[in-house]
Structures are given as C-alpha cells and as structure tokens.
Amino acid sequence: RLQDGASAPQGMCCLAVEGSGLAVRIAPTLEPGAAVNLEYLSVLLRVRRQEGREPLFSLDPVDPTRPRGDAEASMQAKRFEP
C-alpha cells in the first residue's frame, strides 16, 4: 500500500481486490513481489477466454551438438502454447 503522496515506480502495479471480492482493479505498488506484468496478464486472460485454459510456458533442452555460432545453439529453448 502506498502512503499519501507516494508514487510507485514506473510500471509497478498490482491487482487489488475490491470490497465485495467480486471485482479487482489495477493499483500502484512499491512491492516488487506483488507487481504484475500487465502484458502477461493480458495474454493470460485472452488465452483463458479463447482456449478455456491457461497458457503454457516451458524452457526445453536443445541439441548440445549444434555448433556454437548457430543461432539455435542456446542451452534452452523457450516454448509457449498456445
């Protein structure tokens, strides 16, 4: 919770539950652990509405025999679904 006159760092916001618990709102925060990435939240809500499930993210191992100069030669590959 911010004290009177205080402002949150640029982009630091959280979800705050309204009194009845049936609604939430976006609120500024100083607590990094409570901060929400609004772009990720938007993707999550869109996938949930369209697909009926949460999106999946994983870091998968890649082929370690690829040459180091290869753009695909990282230790892990990001995978997003859907």
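Residues numbered from 1 in each chain as written. Predicted model: local features only at pLDDT ≥ 70, side-chain atom pairs only at ≥ 80, totals over all residues. Heavy atoms only, no water.

> Could you clarify how one ought to interpret the overall build of the protein in this entry?
If you tally the helices and strands in the protein, you get one helix and four strands. For the protein, the α and β elements follow one another from N to C terminus as β-β-α-β-β. Among the 82 residues that make up the protein, the fraction classed as buried is 10%. Counted over contacts in the protein with a minimum sequence separation of 6, partners at least 24 positions apart contribute 16%. By element, 53% of the accessible surface of the protein is carried by carbon and sulfur atoms, the whole surface being about 7000 Å². (Helix = DSSP H or I, 4+ residues; strand = E, 2+ residues; numbered from the N terminus. Buried < 20%, exposed > 50% of the residue type's maximum accessible area, 1.4 Å probe, protein only. Contact = heavy atoms within 4.5 Å. Areas by Shrake-Rupley, 256 points an atom, 1.4 Å probe, with all protein chains shown as cover.)

> Got a minute to help me understand the pairing of strand S1 (residues 13-17) in this structure?
Within a regular beta strand, the side chains point alternately toward one face of the sheet and then the other, so they alternate between its two faces. Of the strand pairs in this sheet, S1 and strand S2 (residues 24-28) are connected by five bridges, and their pairing is antiparallel. Looking at the pairing, cysteine 14 lines up with alanine 27 of S2. Linking S1 back to S2 in an antiparallel pair, the connection comprises six residues, with glycine 21 at a positive phi of about 85 degrees. (Pairing = 2+ DSSP bridges.)

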